[in-house]
Amino acid sequence: MPQLMVDVGHTKYPLHIEQDGIYKVGNYVKKQFPTSCAVIITDSNVQALYAKQVEDSLDNSSIKHHTIVLSPGEPTKSFEVLIDVYNKLIALGIQKTDVIIALGGGVIGDLAGFAASSYLRGVNFIQIPTTLLAQIDSAIGGKVAVNLDTGKNLVGAFYHPKFVIIDTQVLKTLSDDDFAGGMAEVIKTGAIYDVALLNTIESHAGRSHIMKVIDDVVHRCCAIKAEVVKQDELDNGLRMILNFGHTLAHAIEKLPDNTFTHGQAVAIGMVQFAKLGEQMNITSIGTSNTLQKIVQSFGLPYEIVADKDKLIDIMKRDKKIRDGKLNLILLRKLGEACVNPIPISQIGELL
Ligand code: NAD
Ligand code: ZN
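Note that the coordinates shown come from a computational prediction; the quantities given were computed from them, not determined experimentally.

**Student:** Whenever I open this one, the overall build of the protein chain confuses me. Can you help?
**Tutor:** Within the protein chain, the secondary structure is distributed over 13 helices and eleven strands. Against the compact-globule benchmark of 20 Å for 351 residues, the protein chain has a radius of gyration of 20 Å, which places it among compact chains. A buried classification covers 56% of the 351 residues belonging to the protein chain. For the protein chain, long-range pairs separated by at least 24 residues make up 74% of all intrachain contacts whose partners lie at least 6 apart in sequence. About 15,000 Å² of surface is accessible on the protein chain, with carbon and sulfur atoms providing 50% of the total.

**Student:** Help me out: how do you make sense of the packing of helix H3 (residues 79-91) against helix H4 (residues 106-118) in this one?
**Tutor:** A pair of packed helices is characterised by two quantities: the angle between their axes and the separation of those axes. As a packed pair, H3 and H4 sit with axes 10 Å apart at the nearest point and diverge in direction by 55 degrees. As far as their axial angle goes, H4 and H3 are oblique. Seen from above, H3 lies across H4 with right-handed handedness. Residues Val81, Leu82, Val85 and Tyr86 of H3 form the contact with H4, whose participating residues are Leu111, Phe114, Ala115 and Ser118. Class assignment of the residues belonging to the contact of H3 with H4 gives a composition of seven nonpolar, one polar and no charged.

**Student:** Explain the sheet that holds strand S3 (residues 38-43) to me, please; I cannot follow it from the model alone.
**Tutor:** To summarise the sheet geometry, strands pair through backbone hydrogen bonds and adopt either a parallel or an antiparallel arrangement. Spatial ordering of the open sheet is given by S1-S2-S9-S6-S5-S3-S4, a layout of seven strands whose pairing is mixed. Looking along the sheet, the strands with just one partner apiece sit at the ends: strand S1 (4-7) and strand S4 (65-70). When the angles between neighbouring strand axes are averaged without regard to direction, this sheet yields 20 degrees. Looking at chain direction, strand S5 (residues 99-104) and strand S6 (residues 124-129) are connected through six bridges and run parallel. In the sheet register, Ile100 faces S6, and the bridge partner there is Phe125. Along the sheet, helix H1 (residues 25-32) contacts strand S2 (12-17), S5, S6 and strand S9 (163-166); its crossing angle with S9, the most-contacted strand, is approximately 170 degrees.

**Student:** It is not clear to me how the packing of aromatic side chains should be interpreted in this structure. Could you clarify?
**Tutor:** We describe a pair of aromatic rings using the distance from one ring centre to the other and the angle between the two ring planes. Scanning all chains against the criterion turns up two aromatic pairs. Considering the side-chain rings of Tyr28 and Phe163, the 5.9 Å spacing of their centres and the 45 degrees angle between planes classify their relative orientation as tilted. Taken together, the positions of Tyr28 in helix H1 and Phe163 in strand S9 put the pair 135 residues apart, joining distant regions of the chain. Classification of Phe163 as buried rests on a relative accessible area of 1%. A centroid spacing of 6.4 Å and a plane angle of 25 degrees characterise the contact between Phe125 and Tyr159, whose relative ring orientation is stacked. With Phe125 in strand S6 and Tyr159 in the loop between strand S8 (151-158) and S9, the pair connects residues that are 34 residues apart, well separated along the chain.

**Student:** Any chance you could explain the site of ligand 1 here in plain terms?
**Tutor:** Around ligand 1, a shell composed of 25 residues is seen, among which Asp43, Gly106, Thr130, Thr131 and Thr173 lie nearest. The backbone of Val107 places a nitrogen or oxygen atom 3.1 Å from an oxygen atom of ligand 1. Starting from 870 Å² of accessible surface for ligand 1 in isolation, the protein chains cover 84%. Within the residue set of the shell around ligand 1, elements represented by two or more residues are helix H2 (44-60), H4, helix H5 (132-138) and S8. A total of four residues in the shell around ligand 1 trace back to one element, the largest contributor, which is H2. Taken together, the residues of the shell around ligand 1 sort by class into eight nonpolar, eight polar and nine charged.

**Student:** Help me out: how do you make sense of the side chain of Ser57 in this one?
**Tutor:** Along the chain, Ser57 falls in helix H2. The buried category is assigned to Ser57, whose relative accessible area is 3%. Look past the residues within four positions of Ser57 in its chain and what remains in contact with it is Ile22, Tyr23, Lys24, Val25 and Gly26.

**Student:** It is not clear to me how the packing of helix H6 (residues 176-193) against helix H7 (residues 195-203) should be interpreted in this structure. Could you clarify?
**Tutor:** Remark: H6 packs on H7, axes separated minimally by 6 Å, with the N-to-C direction vectors making an angle of 140 degrees. Judged on the interaxial angle alone, H7 and H6 are oblique. Residues Met183, Val186, Ile187, Thr189, Gly190, Ala191 and Tyr193 of H6 touch H7, and the partners they reach there are Val195, Leu197, Leu198 and Ile201.

**Student:** Mind showing me how you'd approach the state of the cysteines here?
**Tutor:** Each disulfide consists of a covalent bond between the sulfur atoms of two cysteine residues. The full count for this structure, using the stated rule, is zero disulfides. The cysteine Cys221 is free of any disulfide, with Cys222 supplying the nearest cysteine sulfur at 6.9 Å.

**Student:** Would you mind showing me how to read the nonpolar core here?
**Tutor:** Generally speaking, soluble globular proteins have nonpolar side chains that are buried together. In terms of nonpolar packing, the biggest core is built from 77 residues, with Leu132, Met183, Ile187, Ile201, Phe244 and Leu291 touching the most fellow members. Here this core takes ten residues from helix H9 (residues 214-231), the largest share from any one element. Here this core gathers at least three residues from each of two domains, domain 1 (4-173) and domain 2 (176-349). Not counting residues within four places of it along the chain, the set of residues in contact with Met183 comprises Leu132, Ile201, Ile210 and Phe298.

Basis of the calculations
Residues numbered from 1 in each chain as written. Chains lettered and ligands numbered in written order. Predicted model: local features only at pLDDT ≥ 70, side-chain atom pairs only at ≥ 80, totals over all residues. Heavy atoms only, no water. Helix = DSSP H or I, 4+ residues; strand = E, 2+ residues; numbered from the N terminus. Rg over C-alpha atoms; globule rule 2.2 N^0.38 Å. Buried < 20%, exposed > 50% of the residue type's maximum accessible area, 1.4 Å probe, protein only. Contact = heavy atoms within 4.5 Å. Areas by Shrake-Rupley, 256 points an atom, 1.4 Å probe, with all protein chains shown as cover. Axes fitted to C-alpha atoms, helices over the stretch in contact; angles between N-to-C directions. Parallel < 35°, antiparallel > 145°, perpendicular 65-115°, else oblique. Left-handed = near helix turned anticlockwise from the far one by under 90°. Nonpolar A, V, L, I, M, F, W, Y, C, P; charged D, E, K, R; others polar. Pairing = 2+ DSSP bridges. Phe/Tyr/Trp six-rings, centres within 6.5 Å; stacked < 30°, edge-to-face > 60°. Near = heavy atom within 4 Å. Polar contact = N/O pair within 3.5 Å; in protein donor to acceptor, adjacent residues only side chain to side chain. Disulfide = S-S within 2.5 Å. Core = buried A, V, L, I, M, F, W, Y, C linked by side-chain atoms within 4.5 Å. Domains from an automatic or database assignment.

From the geometry alone we can't say anything about function, so treat these as descriptive.
Okay, structure coming up:
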């Protein structure tokens, strides 16, 4: 498979997609930062499974290293934890020439990336994403952030890693929920950009089947994310299409009694907005049916069970509303997305 690069003009970096890549971290670090000290930031689940492989690899390349272990889960993406991380970096004597390695899912990547962007006004940063979502989405494109009590990702930066190591073997230990959640974003990528990818997903329904072609699938998703980010790093245009299914998903996730994971909510959002696009004569008929079958084949839901008025109310307060308009991401057909700005007054007719 060809080497993928993320190229956003002011910086350019490789995505190393290879099985057993976590055993080669030391080689890559030694090549680019021969005299640096490395700090692995991870969570306790990932530490138990994969920290030793990365630490041994750094030892084999004679790279000095430390490990900071955080609690797993979304609450770790907070200012409290961030300050704790800064203090640990200072206590370890980490300098500007050293390197932070994010080893984990999107929570660790976002938190460690934001720490790297701000500690000493920016230190070197590497991503080793270990969830499917992180490998195809959050580790690529430079968005790093922490949450506030008032909302997710409200404080952050664009800060790109020096390289990303993607080892698909680590996906074997993911829970079924986290695997399916990642698949929702894989399906989204096919739906907005690449019908051939969607066909591959359709013909490898279920976790064990898709794992047979996972390197190709991850490679294709990463190539698409890299291409979209290249064209619109700062999320003012094309990058918005990555939000397909997410306007409704974010509303579902904000319901006080919500039990859906992010990936499940995205699956519902994609199928429902495909239906909506069909009703608006924007999406070709049959698209929602196909999407529904694909999400179902990975154990993901597709129906809204919540009170639609509540969802509409939440969507009217979407943080991405600009100049009184919500940018609705719809499909023209499978593999092709479009941005449709609609006035807030029409949001009530969406569901
Ligand atoms: P996560 O980081 O919480 O990981 C999910 C769970 O899987 C955790 O319990 C973790 O310990 C465990 N885990 C990780 N790798 C594992 C492995 N290989 N085997 C077994 N268990 C493993 O969640 P996530 O879904 O990876 O990321 C969600 C976060 O990503 C959210 O905070 C979201 O805002 C963010 N995100 C960021 C971007 C971006 O562009 N920066 C894009 C999408 C999502
Ligand atoms: Zn998402």
